[in-house]
Amino acid sequence: MIKVNLVPQEILDKELQKQRLAQVSVAAAFIGVFFLAVSFSHYYKSVTLADRLVEAEAEFKRLEVIVKQVEELEAKAKAVKARLDVIGDLLMARPFYPRFMTRLLEALGDGIWLSALNVSGSAPNITVNMSCQATGVEAVTRWLRALQTSASFKEPSMGGLVIAADGLVTFSMSLKYKPDAPAAAK
């Protein structure tokens, strides 16, 4: 059987053109809706990120104030600790020189006295230079032996002896003082 189309070709072409126009319109509408959805998504993300940025900056400013306060307090604590360390050092060193003088006077012995005393260095290791006088050479030798066997006085060295006509001996002495462990713990 043969089909015969009685509709003119122009009407068929117009109908086909309308159908293609409808298809293109639907496709364009889908593409437009897709672009609108993607654009809205990006816009929503940008608004959300901007809000989060504002919140984060506000939180940063709030925390920045707290950090500055903490840094100031740490600086004050460091200064107070430094002062306490100085006070502690002074308290530890305060009995050093009285103990040193007591030990020196205990070791001095009979017949010897000091005419000058010079201390150099810092506690607890100091160097002592002395000008001394003695009633005789025997007193000087006893004192030198006592210093050589002492736990606190190290490396005694004596300068020249000057013996006067009346028997008075003048000499200089240098030594190092380091307190022994039991004395330092008192």
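Colleague: Help me out: how do you make sense of the overall build of the protein in this one?
Modeller: Looking only at helices and strands, the protein has four helices and five strands in total. Secondary structure elements in the protein, listed N-terminal to C-terminal, are α-α-β-β-α-β-β-β-α. The C-alpha radius of gyration computed for the protein amounts to 51 Å, which surpasses the reference 16 Å derived for 186 residues by more than 25%, pointing to a less compact arrangement than a globule. When the backbone C-alpha atoms are referred to their principal axes, the protein occupies close to 165 × 35 × 25 Å. For the protein, with 186 residues in total, the buried portion stands at 15%. Long-range contacts, defined here as pairs at least 24 residues apart, represent 56% of the contacts in the protein between residues at least 6 apart.

Colleague: Can you help me understand the pattern of salt bridges in this one?
Modeller: Pairs may arise between side chains of opposite charge once their charged atoms sit close together. A full pass over the atoms with the stated rule returns three salt bridges. One salt bridge connects Asp85 with Lys81, and the closest N-O pair in it is separated by 3.4 Å. With Asp85 and Lys81 both in helix H1 (residues 9-93) and four residues apart, this pair spans about one turn of that helix. The partner of Lys176 in a salt bridge is Glu155, and the shortest N-O contact between them spans 3.6 Å. A residue pair is termed long-range when its members are at least 10 positions apart, and Lys176 in strand S5 (residues 169-177) and Glu155 in strand S3 (residues 153-158) qualify at 21 residues. Accessibility expressed as a relative area gives 56% for Glu155, which makes it exposed.

Colleague: Just checking my understanding: could you explain a nonpolar patch on the surface for this structure?
Modeller: A cluster of nonpolar side chains, namely Ile31, Phe34, Phe35 and Val38, defines an oily patch on the protein surface of about 400 Å² accessible area. Tracing the backbone through its elements, the reader meets Phe34 in helix H1.

Colleague: What is the right way to look at the environment of Cys132 in this model?
Modeller: Turning to its location among the elements, Cys132 is positioned in strand S2 (residues 125-134). A relative accessible area of 0% means that Cys132 is categorised as buried. For the pair Cys132 and Ile112, spaced 20 residues apart in sequence, the C-alpha separation works out to 7.0 Å.

Colleague: What is the right way to read the packing of helix H2 (residues 96-108) against helix H3 (residues 137-149) from this model?
Modeller: What describes two packed helices is the angle between their axes and the distance between those same axes. The interhelical angle for the contact between H2 and H3, taken along N-to-C directions, is 135°, at an axis separation of 9 Å. With respect to each other, H2 and H3 are oriented oblique. On H3, the residues touching Leu104, Ala107 and Leu108 of H2 are Trp143, Ala146 and Leu147. Looking at side-chain class alone, the contact of H2 with H3 contains six nonpolar, no polar and no charged residues.

Colleague: Sorry, what's going on with the packing of aromatic side chains here?
Modeller: To describe a pair of aromatic rings, you give the distance between the ring centres and the angle between the ring planes. The final tally for this structure, using the stated rule, is seven aromatic pairs. Centroid distance Phe40 to Tyr44: 6.4 Å. Interplanar angle 25°. Geometry classified as stacked. One end of the pair, Phe40, and the other, Tyr44, are both in helix H1, four residues apart, so they sit about a helical turn from each other. For Tyr44, a relative accessible area of 53% corresponds to the exposed category. Members of the aromatic cluster, each reached through a chain of ring pairs, are Phe96, Tyr97, Phe100, Phe153 and Tyr177.

What counts as what
Residues numbered from 1 in each chain as written. Predicted model: local features only at pLDDT ≥ 70, side-chain atom pairs only at ≥ 80, totals over all residues. Heavy atoms only, no water. Helix = DSSP H or I, 4+ residues; strand = E, 2+ residues; numbered from the N terminus. Rg over C-alpha atoms; globule rule 2.2 N^0.38 Å. Buried < 20%, exposed > 50% of the residue type's maximum accessible area, 1.4 Å probe, protein only. Contact = heavy atoms within 4.5 Å. Salt bridge = Lys/Arg side-chain N within 4 Å of Asp/Glu carboxyl O. Patch = residues over 30% accessible without salt bridge, like charges linked within 9 Å, V, L, I, M, F, W, Y side chains within 5 Å. Areas by Shrake-Rupley, 256 points an atom, 1.4 Å probe, with all protein chains shown as cover. Axes fitted to C-alpha atoms, helices over the stretch in contact; angles between N-to-C directions. Parallel < 35°, antiparallel > 145°, perpendicular 65-115°, else oblique. Nonpolar A, V, L, I, M, F, W, Y, C, P; charged D, E, K, R; others polar. Phe/Tyr/Trp six-rings, centres within 6.5 Å; stacked < 30°, edge-to-face > 60°.

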